[in-house]
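A closer look at the structure
One letter stands for each residue in the lines below.
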There are 6 protein chains.
Amino acid sequence: MKVVLKIGGSILYKDNFDLNVKLIQAYIDTIQELLTKGHEVAVIVGGGKLARVFIQASEKLGQSKGYQDLMGIEASRMNAMLLIAGLKDKAFRLVPRSFDEVSYALSSGKVLVTGGLQPGQSTNAVAALIAEFFEADILINLSNVEKVYSQDPKIYPEAEAYDRITIKKLLEILQSNEEKPGKYDLFDRVGCEIIKRSRIKLTFTDGSKPKNIKKILNGENIGTIVE
Amino acid sequence: MKVVLKIGGSILYKDNFDLNVKLIQAYIDTIQELLTKGHEVAVIVGGGKLARVFIQASEKLGQSKGYQDLMGIEASRMNAMLLIAGLKDKAFRLVPRSFDEVSYALSSGKVLVTGGLQPGQSTNAVAALIAEFFEADILINLSNVEKVYSQDPKIYPEAEAYDRITIKKLLEILQSNEEKPGKYDLFDRVGCEIIKRSRIKLTFTDGSKPKNIKKILNGENIGTIVE
Amino acid sequence: MKVVLKIGGSILYKDNFDLNVKLIQAYIDTIQELLTKGHEVAVIVGGGKLARVFIQASEKLGQSKGYQDLMGIEASRMNAMLLIAGLKDKAFRLVPRSFDEVSYALSSGKVLVTGGLQPGQSTNAVAALIAEFFEADILINLSNVEKVYSQDPKIYPEAEAYDRITIKKLLEILQSNEEKPGKYDLFDRVGCEIIKRSRIKLTFTDGSKPKNIKKILNGENIGTIVE
Amino acid sequence: MKVVLKIGGSILYKDNFDLNVKLIQAYIDTIQELLTKGHEVAVIVGGGKLARVFIQASEKLGQSKGYQDLMGIEASRMNAMLLIAGLKDKAFRLVPRSFDEVSYALSSGKVLVTGGLQPGQSTNAVAALIAEFFEADILINLSNVEKVYSQDPKIYPEAEAYDRITIKKLLEILQSNEEKPGKYDLFDRVGCEIIKRSRIKLTFTDGSKPKNIKKILNGENIGTIVE
Amino acid sequence: MKVVLKIGGSILYKDNFDLNVKLIQAYIDTIQELLTKGHEVAVIVGGGKLARVFIQASEKLGQSKGYQDLMGIEASRMNAMLLIAGLKDKAFRLVPRSFDEVSYALSSGKVLVTGGLQPGQSTNAVAALIAEFFEADILINLSNVEKVYSQDPKIYPEAEAYDRITIKKLLEILQSNEEKPGKYDLFDRVGCEIIKRSRIKLTFTDGSKPKNIKKILNGENIGTIVE
Amino acid sequence: MKVVLKIGGSILYKDNFDLNVKLIQAYIDTIQELLTKGHEVAVIVGGGKLARVFIQASEKLGQSKGYQDLMGIEASRMNAMLLIAGLKDKAFRLVPRSFDEVSYALSSGKVLVTGGLQPGQSTNAVAALIAEFFEADILINLSNVEKVYSQDPKIYPEAEAYDRITIKKLLEILQSNEEKPGKYDLFDRVGCEIIKRSRIKLTFTDGSKPKNIKKILNGENIGTIVE
């Protein structure tokens, strides 16, 4: 199976800016296992706390939003590098810096591990793009969101959790939340539209448990399936 | 002034796939004039008919939407090349293939002429990104749409034309048209959000008259000003 | 066997600028078959009608012949992209933009699909260069020329068709035709000299029938063998 | 004058991983001033706390020292990016990723801002290399070390501070400290040897006061002059 | 004036493989002078003895002719590097490795110094290509051939020397010499055809006297003018 | 086993600047044999006489030491190219020009053959870096030094030869020789420190006998083992 994993940057950090090395190692082990079973894997990693620190600093320095995005992209690339080294010969040893380099990496037959690619585009959108380009069987979104809710459950305790949801419904939830204060950052709209146009199978699950990946590939419904 | 021009690909072609050489030459002359007056210029060119022919062919060949986007991007780059040569020593002689190369080109002090950059992103979004990155004073959108209408005027003759419009209103129009058949392809949503987050001054005008550019820079309101 | 295919750009287009999707698909299928049989394949694609349209436009814009060549090269690269996507994981996913990138692509073990490389050099010369560099067993030239004739058969009905011809004779034909009006564009001189210096086996055949490739590899003499 | 500034990464961070935005802004302002006065400037930035966090994490993940160096290099590049944006059109907008790209950047006539370049080499060595290549008049080393001491003054309060020192003496201090616990990380040996072989004028000063740069260029002896 | 200089590799070497440092310095001084007078300059350097040594070795190692060309190209790039360093800030600091990089270099406004670019193409052809692309006013060919002769004067003492010659005549001489043993290596055919198609002004002169360049630019006829 | 070979440039040349084609061929054959036995191989080649000729010339031209290093690096790359061609499909077909490109090459699964990478760093240091990055089982240093001696044996006939030596001792020998006239150029200090920090197994042996490589891999102690 062709599997694309989107690992949210936020879960890679503990409080105090320390990296969650144990979790990163667990991801590396899980990916190694997937390879052993014959799956092909591509991984997109988010920027997390590192991105926020640099975006904030560059905002204070009066830099443009586009440049702030670039800082966030570099942060996500640094996070991606932590996975690459652990995968050793199994990974393409460089984090691509453009879509052309994504193509190079995919041509190598190795695991592609990447961060963001371009200002104005979240790592969720990149994950959807690569899933589309790679013709992936499934895109698994691993973050601190274990399921898709109708609203941000931290703010609205009455929010409904979904086991299954249509992509159209997901877009509606994203849109209705855009107008509310307190960003509910599930997935981004561009990503959704790519999911929709290419009918990519997308599943959300709790990223603190990398073993969920194997369960999902075995057909268990942990989290939310978008269809 | 720092001026970013988005030239719609469709206006570069005549019927029968011939390129509208006269119009291209008029754009080259206008840009040369802007430079003489001390303006700094960056140009983003769309894919137009060439993009459509290759996207269609690649769709028939069963290629992914992401790959179809790549074909459209290459088409826009070919269109961009026609302008580069005409600008001679004034232009950066290569069409950037990544955002890193956009940065190289901007560092050269020459006119940057580019097409699309990445799948999942229209040339309108690229224009907004570059306007943001370049910290442009104005982004002028030149296409076969001489003004922003409340609806597609070809379908709805009662559509209202705007001289001025807020970016919020523009986003609403885009969104309400998304759900209707018969795409009204004014500008794309990602582009709008970049315009919004960085408060870029955006003006729509009739692209068949390159002289409009000078009039707009002189403060005339031809077309629609987004504010 | 190491097989290099030169596919003339002109056969990829139908009248009215439409791409001949069926023929492109037939090429993709044939190449897939060759791979299944254990052959290694590299493909060079010409610029065809797309090249001519852009070369003409850039000539009218007063651009140098060198720049016109660049436009033709980009056109050939777009044509090459149509084949790449169809070959999926079997192809190197990028069209090389320099000889260094050709080397990268050849190092990947995938099918290299490329267009032109540099001004002043036809895609025929590129095909010969790559056949030489790849140490190919055979270079098959697929175009609208089903056989080598002593003269352009469209102008001189009495022209003689050859089943076999020496490279020296081929060079003579090219040369004697250079001085005549009505270009008889069989192969280019630089290409011939590379064929000659490295004794590459070259066969001309009718490009509208991709199945000819398999016949030629099976030893049938369809078209003209240069020796 | 051709001025190369080496800004130690450690001074860019406050406790708690926050970036010292004020100091970064002060550096940007100082560099702008130098440019106004006609100086040519190149800047090398160290990795600081960010480097340490990622090096530690990658060590725990069992990665090679070489890969740990790569992580530190990326960290220094992120730090460098904060300066680039602030310098706007005055800076080469990309952080070079190889010595070839350093050459590109130097050819642009803009301020080169870079971090580390290659495993096995500190940013001090890179600063010396670029000072040599750029044929700089002076290399100013800005760090939390306001002067060169005979020993680490934090450990040995009796350590002697130097106003002037020979490069030979500096090498001796470095060497004698290598064998002691508690790294006294003044400058690295490779860097020193480049300073020596090309007789580059090197000055150490307190990096928390960017105004020191102007004083040093005016001939004041703040810190330690290596000769 | 836009001046392209083709410096034959052979004149850069003395017997015993020593480089002719004095002559190289004289070229650097001459180019500096041209710049001072406001000329724009691009330089193409041949491979000379270094190329021959490596081509021979690679031939003995059974390598393809294409690879032998690559070795020759690298040799010419090393020769080019000797000029670049001497020109310091006036030169683009890298030797381009592809035509795209030639475009980068030309966009920098610095002196482009390059060697060969691609197998199957001599540095003479590259010089013609760059003269065409750069829209040069004159291409000066500096080699151990002080004038164009009807035949190789070393073999045929009765050979006629020309002050002026048409490009058509030059092509005839090249062609008639191709068939004779003892290569008379004046200029290559591809180069000539580019000269012809773009009507580039080409002058041959004795490369051991760099001062000839200034005389030629002043209108003196030293050597042979091709028209 | 993962084997890194450092081939000293000096042994590749005979007197009179001729390349030692026989020895190069013997290296190619040996590497092919290692691959057949399942070893993974990376090769770093020094600059040898070619480097010296160009370094000397560029010194006479008044170029910086850093630029002289660049010339030496290009020389080592040319030497590396001679091995690449001989290894054909087994080798990555390009000589990497940066550490990023080393990563690309290592991702290809082919034999990496490289020369130097950056000024201020010898090819010995590069070999140590790549051995570290590649996580090599052994680094074999092949040069005209068949064993490590306590002093340069050409000058001090009483010098002691070692069969085994600690890395600490090796560093001491290097250091004590640095201060003596008549450079004893065994290995460089940066390389040693990488060997030390990553505990790479390093063996010195007589490079004129490529068969030594196989003997060493079989456990014979020819030369000096550093531990």
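Residues numbered from 1 in each chain as written. Chains lettered and ligands numbered in written order. Predicted model: local features only at pLDDT ≥ 70, side-chain atom pairs only at ≥ 80, totals over all residues. Heavy atoms only, no water.

Of the regular secondary structure elements, chain A holds 8 helices and 9 strands. For 227 residues, the compact-globule estimate of 2.2 N^0.38 gives 17 Å, and chain A sits close to it at 17 Å. Looking at chain A residue by residue over its 227 residues, the buried ones come to 65%. Of the contacts formed within chain A by residues at least 6 apart in sequence, a portion of 67% connects residues at least 24 apart. Entry remark: accessible area of chain A is about 8400 Å², with carbon and sulfur atoms responsible for 48%. (Helix = DSSP H or I, 4+ residues; strand = E, 2+ residues; numbered from the N terminus. Rg over C-alpha atoms; globule rule 2.2 N^0.38 Å. Buried < 20%, exposed > 50% of the residue type's maximum accessible area, 1.4 Å probe, protein only. Contact = heavy atoms within 4.5 Å. Areas by Shrake-Rupley, 256 points an atom, 1.4 Å probe, with all protein chains shown as cover.)

Facing 9 residues of chain B, the contacting portion of chain E comprises 9 residues. For the pairing of chain B and chain E, the buried interface totals around 840 Å² over both sides, and the portion due to carbon and sulfur atoms is 51%. Area buried by chain B at its contact with chain E is led by Phe92, Arg93 and Leu94 of chain B, which between them contribute 60% of it. Seen at the junction of chain B and chain E, the total is 2 salt bridges. The partner of Lys2 of chain E in a salt bridge is Asp89 of chain B, and the shortest N-O contact between them spans 3.4 Å. Residue composition of the side of chain B that touches chain E, by class: 4 nonpolar, no polar and 5 charged. (Buried area = accessible area lost by both parts, 1.4 Å probe. Salt bridge = Lys/Arg side-chain N within 4 Å of Asp/Glu carboxyl O. Nonpolar A, V, L, I, M, F, W, Y, C, P; charged D, E, K, R; others polar.)

Backbone hydrogen bonds are what pair the strands of a sheet, in a parallel or an antiparallel way. Residues and elements named next belong to chain B. An order of S3-S2-S1-S4-S8-S9-S7 is seen for the 7 strands of this open sheet, with the pairing classed as mixed. Among the strands making up the open sheet, the edge pair consists of strand S3 (112-114) and strand S7 (164-165). Of the strand pairs in this sheet, strand S4 (residues 138-143) and strand S8 (residues 202-206) are connected by 5 bridges, and their pairing is parallel. Residue pairing in the sheet places Leu139 in a bridge with Leu202 of S8. (Pairing = 2+ DSSP bridges.)

As enumerated under the stated definition, the model contains 85 salt bridges over all chains in all. The shortest N-O distance in the salt bridge between Arg97 of chain A and Asp100 of chain B comes to 3.2 Å. Here Arg97 of chain A, found in the loop between helix H3 (65-87) and helix H4 (99-107), pairs with Asp100 of chain B, found in helix H4 (residues 99-107), and the two come from separate chains. Classification of Arg97 of chain A as buried rests on a relative accessible area of 13%. Put simply, Glu74, Arg77 and Arg97 of chain A together with Asp100 of chain B are held in one network by salt bridges that share partners.

Moving on, we get to the relation of the copies chain B and chain E. Once chain B is rotated about the relating axis by 120 degrees and shifted along it by 0.0 Å, it coincides with chain E to within an RMSD of 0.0 Å. The operation mapping one copy onto its partner corresponds to a three-fold rotation axis. In terms of proximity to the rotation axis, the leading residue of chain B is Ser108 of chain B, whose C-alpha is 3.7 Å off the axis. Comparing interface residues between copies, only 11% of those in chain B also sit at the interface in chain E, which points to a heterologous contact through distinct surfaces. (Least-squares fit on C-alpha atoms with pLDDT ≥ 70 in both.)

Another aspect to go through is the pairing of strand S4 (residues 138-143) of chain C. All names here are of chain C. Among the 6 residues of S4, 6 are classified as buried, and the element is accordingly described as predominantly covered. Of the two faces of S4, the one holding Ile138, Ile140 and Leu142 and the one holding Leu139, Asn141 and Ser143 are both buried throughout. Inspection of the sheet shows strand S1 (residues 2-7) paired to S4 by 5 bridges, in the parallel sense. Residue pairing in the sheet places Lys6 in a bridge with Asn141 of S4.

In this section: the side chain of Gln118 of chain C. Within the secondary structure, Gln118 of chain C sits in the loop between strand S3 (112-114) and helix H5 (123-133). Among the polar contacts listed, one links the side chain of Gln118 of chain C to the side chain of Gln121 of chain E, at a separation of 2.5 Å. In this structure, Gln118 of chain C is in contact with Ile73 of chain C together with Phe99, Leu117, Gln118, Gln121 and Leu129 of chain E, ignoring residues within four places of it in sequence. (Polar contact = N/O pair within 3.5 Å; in protein donor to acceptor, adjacent residues only side chain to side chain.)

Moving on to the interface of chain D and chain A. Between chain D and chain A, the residue contacts involve 30 residues of the former and 30 residues of the latter. With both sides pooled, the region where chain D packs onto chain A buries about 2600 Å², and carbon together with sulfur makes up 78% of that total. On the chain D side of the contact with chain A, Leu61, Met78 and Met81 of chain D bury the most area, a combined 25% of that side's loss. The interface formed by chain D and chain A includes 0 salt bridges. Taken together, the links from chain D to chain A amount to 4 residue pairs in polar contact (both at pLDDT 80 or more). Secondary structure elements with two or more residues in the side of chain D that touches chain A: helix H1 (21-36), helix H2 (48-60) and helix H3 (65-87) of chain D. With 12 residues, the single largest contributor to the side of chain D that touches chain A is H3 of chain D. When grouped by side-chain class, the residues that make up the side of chain D that touches chain A number 20 nonpolar, 6 polar and 4 charged.

Okay, the sheet that holds S4 of chain C next. All names here are of chain C. If you walk across this open sheet you meet the 7 strands as S3-S2-S1-S4-S8-S9-S7, and the pairing is mixed. Strands with a single pairing partner mark the edges of an open sheet, and in this sheet they are S3 and strand S7 (164-165). Across the sheet, helix H1 (residues 21-36) is in contact with S1, strand S2 (40-45) and S4; its angle to S2 comes to roughly 155 degrees. (Axes fitted to C-alpha atoms, helices over the stretch in contact; angles between N-to-C directions.)

Within the element layout of this structure, Ser198 of chain D appears in helix H7 (residues 189-198). The spacing of Ser198 of chain D and Glu135 of chain D is 63 residues in sequence and 9.0 Å in space, taken between C-alpha atoms. Dropping the residues within four chain positions of it, Ser198 of chain D is found in contact with Glu132 of chain D together with Lys65 of chain F. Within the structure, the side chain of Ser198 of chain D is placed 2.6 Å from the side chain of Glu132 of chain D, a separation counted as a polar contact.

So, about the relation of the copies chain D and chain A. Expressed as a screw transformation, the operator carrying chain D onto chain A has a rotation angle of 180 degrees and an axial translation of 0.0 Å, and the superposed copies differ by an RMSD of 0.0 Å. On the angle and the small slide along the axis, the relation comes out as a two-fold axis. Mapped onto chain A, 100% of the interface residues of chain D again fall at the interface, so both copies present the same surface.

In this section: unusual backbone geometry. Even without a glycine there, the phi angle at Arg199 of chain D is positive, about 50 degrees. Using a relative accessible area of 78% as the deciding quantity, one classes Arg199 of chain D as exposed.

The next subject is the arrangement of the chains. At the C-alpha level, the nearest point of chain C lies 16 Å from chain D, with no contact between them. Taking C-alpha atoms as the reference, chain A and chain E come no closer than 16 Å and do not contact one another.

Two aromatic rings are characterised by how far apart their centres lie and by the angle between their planes. Counted by the stated rule, this structure contains 39 aromatic pairs over all chains. Between Phe17 of chain A and Phe17 of chain D the ring centres are 3.4 Å apart and the planes differ by 15 degrees, which places this aromatic pair in the stacked class. With Phe17 of chain A in the loop between strand S1 (2-7) and helix H1 (21-36) and Phe17 of chain D in the loop between strand S1 (2-7) and H1, this pair bridges two chains. With respect to class, Phe17 of chain A is no different from Phe17 of chain D; both count as buried. Here Tyr13 of chain F and Phe17 of chain F contribute two aromatic rings whose centre-to-centre distance is 5.3 Å and whose plane-to-plane angle is 50 degrees, an arrangement assigned as tilted. Across this residue pair, the class does not change: Tyr13 of chain F and Phe17 of chain F are buried. (Phe/Tyr/Trp six-rings, centres within 6.5 Å; stacked < 30°, edge-to-face > 60°.)

The next subject is the side chain of Asn124 of chain F. All names here are of chain F. Residue position: Asn124 is located in helix H5 (residues 123-133). The class of Asn124 is buried, set by a relative accessible area of 10%. When neighbours within four sequence positions are excluded, Asn124 is seen to be in contact with Lys6, Asn141, Leu186, Phe187, Asp188 and Gly191.

Let's shift gears to the packing of helix H2 (residues 48-60) of chain F against helix H3 (residues 65-87) of chain F. All names here are of chain F. It is at 8 Å that the axes of H2 and H3 come closest, and there the two elements cross at 155 degrees. For the element pair H2 / H3, the angle class is roughly antiparallel. Here H2 and H3 pass one another in a crossing that is right-handed. Residues Gly48, Leu50, Ala51, Phe54, Ile55, Ser58 and Glu59 of H2 form the contact with H3, whose participating residues are Lys65, Gln68, Met71, Gly72, Ala75, Met78 and Asn79. The class makeup of the residues in the contact of H2 with H3 is 7 nonpolar, 5 polar and 2 charged. (Parallel < 35°, antiparallel > 145°, perpendicular 65-115°, else oblique. Left-handed = near helix turned anticlockwise from the far one by under 90°.)

Moving on to the state of the cysteines. Counted by the stated rule, this structure contains 0 disulfides over all chains. This cysteine, Cys192 of chain E, is not joined by any disulfide, and Cys192 of chain C carries the nearest cysteine sulfur, 18 Å off. (Disulfide = S-S within 2.5 Å.)

All names here are of chain B. For helix H3 (residues 65-87), with 23 residues, the first-to-last C-alpha span of 34 Å sits near the 33 Å given by 1.5 Å per residue. With 22 of its 23 residues buried, H3 lies for the most part within the structure. After H3 finishes, the residue Lys88 shows a positive phi value of roughly 50 degrees. (Expected span 1.5 Å × (residues − 1).)

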